Amino acid sequence: MTRKTFENEIQQVKDDVLLLGSLVEHAIIGSVEALKKRDLKAAEKIIAEDVAINKKRFEIENQLMILIATQQPMAHDLRLLASTMEIISELERMGDYAKGIANINIRMGEDTLLKPLIDIPRMAQKGADMLHRALTAFVNEDVELANSIPAEDDEVDALYNQIYRELMVFIIEDPKNIERANWLLWVSHNLERVADRVTNICERTIFIATGEMREIKDSDDEFWHAQKK
Amino acid sequence: MENNNNHYSIETKDLSIHYGRFTAVRNVNLKVEKQKITAIIGPSGCGKSTLLRAFNRMNDFVSGSSVTGEIFLHGRNLYSKHVDPVEVRRKIGMVFQKPNPFPKSIYENIAWGARINGFKGKVDELVENSLRSAALWDEVKDKLQESAYALSGGQQQRLCIARAIAVQPEIILMDEPASALDPISTLRVEELLQELKKNYTILIVTHNMQQAARASDFTAMMMIDDQRAGGVIEFDDTKKIFTRPTDKRTEDYVTGRFG
Ligand SMILES: Nc1ncnc2c1ncn2[C@@H]1O[C@H](COP(=O)(O)OP(=O)(O)OP(=O)(O)O)[C@@H](O)[C@H]1O
Ligand SMILES: [Mg+2]
C-alpha cells in the first residue's frame with residue numbers, strides 16, 4: 001500500500017464521525033427523556049452539550065479540508081471526503097433537533113405534559129437506532145445495510161401520523177389544549193426530521209461505495225400523503 | 001487528410017507498436033474526438049510516449065520500430081504508402097517534455113519552421129499571432145531578436161508551443177508539456193490548452209493527475225500486461241475517470257495506490 005499515512009488519516013476521520021454520531025444519539029434520546037420527566041436541568045445540559053457537537057463537527061470539517069488540500073483525493077477518496085463533509089453537517093443538524101426539543105421543554109415552563117409520552121420516546125429510540133446503524137454502514141461502506149435502513153423511516157412516519165391525529169383529537173375536544181398539543185407536535189416533527197436525515201446519510205454512503213448518486217426515498221412527501229387520506 | 005467530415009481526429013484499430021521483437025503497445029482501439037483535449041495517463045513505461053509518437057510517425061526515426069494495425073487521421077490511413085510523413089508532421093505538431101527551441105532568435109524559432117513548411121503570408125503577423133496564442137507575446141515582444149536560449153524554461157516551453165501552432169497543425173501532441181514548469185507557468189499552459197482546443201485537437205500525456213482532471217475532456221488510462229506490453233485499459237469522460245472509474249486498476253492509479 002502506497003498511501004499508509006493517508007489511509008490512517010481517513011480511519012481517524014471515520015472514528016471521529018462515529019464519535020460525533022454517538023454524541024448526537026445521546027442528545028436525541030436524552031432530550032426526549034428529559035421532556036418525559038420534565039427535567040429542566042437535564043434539558044439545560046442537552047443545550048450546553050450541543051456546543052460540543054458543533055465544535056466536533058468543525059474539527060472534522062477542518063481535518064477534511066486539510067486532507068483535500070494536502071492529499072488531492074481522487075475517485076473513491078474524493079467521494080469519501082466530500083460525502084463525509086455532507087454527513088457531518090447532517091449530524092450537526094440532527095443535534096440541533098435535539099437541542100430544539102430541550103428548548104421546548106424549557107419554554108413549557110410550569111405547563112404539564114398534555115399526555116404521558118409513549119410514542120414520542122419510541123420515535124426517538126427508533127431514530128437513534130437508525131442513525132447508529134447508518135453510521136455503521138458508513139464506516140464499513142456497507143451498501144446492503146445502507147440500502148435497508150431508509151425503509152424503516154415508514155415506522156417513524158407512522159408514529160408521527162399517529163401522534164398527529166391523537167393531538168388533533170385533544171385540540172378538537174378542548175381548544176385550551178392547543179398550546180400544549182403544539183409543543184408536542186413540534187417535538188415529534190423534530191424527531192421525524194431526524195429519520196429523514198438518516199436517509200441522507202445512507203444515500204451518501206451508497207455514493208461513497210458505488211459512485212452512484214440516487215435518492216432512496218423521498219420521505220418528505222409521506223406525511224402530507226397520509227394527511228390527505 | 002482532406003476528409004474533415006469525420007467526427008474523430010484520430011482513430012486506431014488494433015494498433016500495436018513494436019521495438020524489434022518487443023511489443024511496447026498492444027491492441028489499442030482509441031477514438032480521439034475533434035477539438036477536444038484527450039489525456040493519456042498511466043505508470044512509467046506503459047507506452048504513452050510510444051503511442052503519441054506513432055500519431056505523427058516520429059517512431060519512423062527509431063530503427064527496428066514497426067507498427068501493426070491501423071491509425072486513421074480524419075478517416076485516412078496514416079501508414080498508407082501514399083501518405084508523406086513530412087506532411088503528417090506538419091499537420092500534427094508535437095511539444096516535447098523538455099523545451100527544445102532551435103538555437104536561433106525567438107523570432108526565427110517561429111518564422112523558420114513556418115517558412116520551411118511553405119508559409120507565404122506575412123511572417124511578422126504570424127510570429128505575433130503565434131506568440132499571442134501561446135500567451136508569450138507580452139513577455140517577449142521587445143526582444144524578438146534575442147536568442148531563444150535566453151528565455152526561462154517555462155517561456156521556452158511556451159515558445160515551443162507557439163512554434164507548433166505557427167505551422168497551423170490540425171492536431172497537437174504534447175508529451176508532459178508542463179513537467180518542468182513552475183505552478184504558474186503550468187496553469188498558463190493549461191489555460192492555453194483551453195484556448196487552443198477551439199481550433200485544434202489536443203492529446204496530452206501527463207503524470208500530473210490534477211492536470212489531467214482539470215485540463216482534459218477525455219482520459220485514456222494505460223497499463224502494461226503480463227508481457228510488459230502497454231494497452232488502454234479504460235477510456236472515458238475525464239470527469240468519470242477521476243470520480244468513479246470502472247476499472248479497479250484505474251481507481252488504484254488515480255488514487256495513488258498503484259504498485
Ligand atoms: N527507442 C526504443 N527502443 C526500444 N524500446 C523502447 C524505445 N522507446 C521506448 N521503449 C520501451 O517501450 C516501453 C514504453 O516506453 P514509453 O517511453 O512509451 O513509456 P511511457 O509510458 O512514455 O513512460 P514514461 O511515463 O516514463 O515517459 C518501455 O518498456 C520502453 O523501455
Ligand atoms: Mg514518456
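Placed above this text is the structure.
First things first, this report covers the structure right here in the doc.

### Section: the overall build of chain A
On a plain count of helices and strands, chain A comes out with eight helices and zero strands. Of the regular secondary structure in chain A, the N- to C-terminal order runs α-α-α-α-α-α-α-α. In summary, chain A has a C-alpha radius of gyration of 19 Å against a globular reference of 17 Å for 229 residues, a match within 12%. In terms of principal-axis extent, the alpha carbons of chain A reach across some 70 × 40 × 20 Å. Across the 229 residues in chain A, those meeting the buried criterion constitute 50%. Taking contacts inside chain A between residues at least 6 apart in sequence as the whole, the part at least 24 apart equals 85%.

### Overview of the packing of helix H4 (residues 119-140) of chain A against helix H7 (residues 178-210) of chain A
If you want to describe how two helices pack, look at the angle between their axes and the distance between the axes. Residue and element names in this part refer to chain A. Relative to each other, H4 and H7 sit at 15°, their axes nearing to 9 Å. If you check the angle between H4 and H7, you find them roughly parallel. H7 is crossed by H4, and the crossing has left-handed handedness. Between H4 and H7, the residues in contact are Ile120, Met123, Ala124, Gly127, Met130, Leu131, Ala134, Leu135, Ala137 and Phe138 and Leu184, Val187, Ser188, Leu191, Glu192, Val194, Ala195, Val198, Ile201, Cys202, Thr205 and Ile208, respectively. Within the contact of H4 with H7, the residues separate by chemical class into 18 nonpolar, three polar and one charged.

### Details of the environment of A:Ile10
With respect to the element layout, A:Ile10 can be found in helix H1 (residues 4-36). According to the relative accessible area criterion, A:Ile10 is buried, its value standing at 9%. It is 9.6 Å that separates the C-alpha atoms of A:Ile10 and A:Gln63, two residues lying 53 residues apart in sequence. Those residues in contact with A:Ile10 that lie beyond four places of it in its chain are A:Asp77, A:Leu80 and B:Arg257.

### Digging into the site of ligand 1
Residue and element names in this part refer to chain B. Lining the immediate environment of ligand 1, one finds 14 residues, of which Ser44, Gly45, Lys48, Ser49 and Thr50 sit closest. Within the side chain of Thr50, a nitrogen or oxygen atom sits 2.5 Å from an oxygen atom of ligand 1. In isolation ligand 1 offers 640 Å² of accessible surface; the protein chains occlude 65% of this area. Taken together, the elements giving at least two residues each to the shell around ligand 1 come down to strand S2 (22-28) and helix H1 (48-54). The element that contributes the greatest number of residues to the shell around ligand 1 is H1, accounting for four residues. Taken together, the residues that form the shell around ligand 1 break down as five nonpolar, six polar and three charged.

### Concerning the nonpolar core
Residue and element names in this part refer to chain A. In terms of nonpolar packing, the biggest core is built from 58 residues, with Val17, Leu91, Leu131 and Leu191 touching the most fellow members. Contributing elements (two or more residues each) for this core: H1, helix H2 (40-71), helix H3 (75-108), H4, helix H6 (153-173) and H7. Of the residues forming this core, the biggest block, 13 residues, is contributed by H7.

### Quick word on the interface of chain A and chain B
Listed as interface residues are 14 residues of chain A and, on the opposing side, 14 residues of chain B. Interface of chain A and chain B: buried area, both sides summed, is about 1,100 Å²; carbon and sulfur atoms make up 49% of it. Applying the counting rule to chain A against chain B returns two salt bridges. The closest approach of N and O atoms between B:Arg257 and A:Asp77, which form a salt bridge, is 2.6 Å.

### Quick word on the pattern of salt bridges
The full count for this structure, using the stated rule, is 35 salt bridges over all chains. A:Asp129 is the partner of A:Arg133 in a salt bridge, and the nearest nitrogen-oxygen pair spans 3.1 Å. With A:Arg133 and A:Asp129 both in helix H4 and four residues apart, this pair spans about one turn of that helix. With a closest N to O distance of 2.8 Å, B:Arg132 and B:Glu128 form a salt bridge.

### Some words on the pairing of strand S10 (residues 218-224) of chain B
Residue and element names in this part refer to chain B. For S10, a buried count of six out of seven residues is recorded, marking the element as mostly surrounded by other parts of the structure. Relative to S10, strand S4 (residues 37-41) is paired through four bridges, and the arrangement is parallel. In the sheet register, Ile41 faces S10, and the bridge partner there is Met221. Pairing of S10 with strand S11 (residues 230-237), which is carried by seven bridges, proceeds in the antiparallel orientation. Across the sheet, residue Met221 finds its bridge partner in S11, namely Glu234. In this antiparallel pair of consecutive strands, S10 and S11, the connection spans five residues, and Arg228 shows a positive phi of 70°.

### Describing helix H3 (residues 106-116) of chain B
Along H3(B), the positions that sit buried rather than exposed are B:Ile106, B:Tyr107, B:Asn109, B:Ile110, B:Ala111, B:Gly113 and B:Ala114. Buried residues in H3(B) make contact with helix H4 (123-133), helix H5 (137-140) and helix H6 (153-166) of chain B.

### Points about the packing of aromatic side chains
Taken as a whole, this structure holds three aromatic pairs over all chains when the rule is applied. On the numbers, 5.9 Å between centres and 15° between planes, the contact of B:Phe218 with B:Phe235 is stacked. Of the two residues, B:Phe218 is situated in strand S10 and B:Phe235 in strand S11; the sequence distance between them amounts to 17 residues. Over the aromatic face of A:Phe58 sits the side chain of A:Arg57, whose NZ or CZ is 5.2 Å from the ring centroid. Over the ring of B:Trp112 we find B:Lys104; its NZ or CZ atom is 4.9 Å from the centre of that ring.

### Thoughts on the pairing of S4(B)
Residue and element names in this part refer to chain B. A large share of S4 lies buried, amounting to five of its five residues. Residues Ile37, Ala39 and Ile41 of S4 are buried on one face, and the alternating residues Thr38 and Ile40, pointing to the opposite face, are buried as well. Both S4 and strand S9 (residues 201-205) contribute to a ladder of four bridges, which runs parallel. What sits directly across from Ala39, in S9, is Ile204.

Thresholds, definitions, all that
- Residues numbered from 1 in each chain as written.
- Chains lettered and ligands numbered in written order.
- Predicted model: local features only at pLDDT ≥ 70, side-chain atom pairs only at ≥ 80, totals over all residues.
- Heavy atoms only, no water.
- Helix = DSSP H or I, 4+ residues; strand = E, 2+ residues; numbered from the N terminus.
- Rg over C-alpha atoms; globule rule 2.2 N^0.38 Å.
- Buried < 20%, exposed > 50% of the residue type's maximum accessible area, 1.4 Å probe, protein only.
- Contact = heavy atoms within 4.5 Å.
- Axes fitted to C-alpha atoms, helices over the stretch in contact; angles between N-to-C directions.
- Parallel < 35°, antiparallel > 145°, perpendicular 65-115°, else oblique.
- Left-handed = near helix turned anticlockwise from the far one by under 90°.
- Nonpolar A, V, L, I, M, F, W, Y, C, P; charged D, E, K, R; others polar.
- Near = heavy atom within 4 Å.
- Polar contact = N/O pair within 3.5 Å; in protein donor to acceptor, adjacent residues only side chain to side chain.
- Areas by Shrake-Rupley, 256 points an atom, 1.4 Å probe, with all protein chains shown as cover.
- Core = buried A, V, L, I, M, F, W, Y, C linked by side-chain atoms within 4.5 Å.
- Buried area = accessible area lost by both parts, 1.4 Å probe.
- Salt bridge = Lys/Arg side-chain N within 4 Å of Asp/Glu carboxyl O.
- Pairing = 2+ DSSP bridges.
- Phe/Tyr/Trp six-rings, centres within 6.5 Å; stacked < 30°, edge-to-face > 60°.
- Lys NZ or Arg CZ within 6 Å of the ring centre and 35° of its normal.

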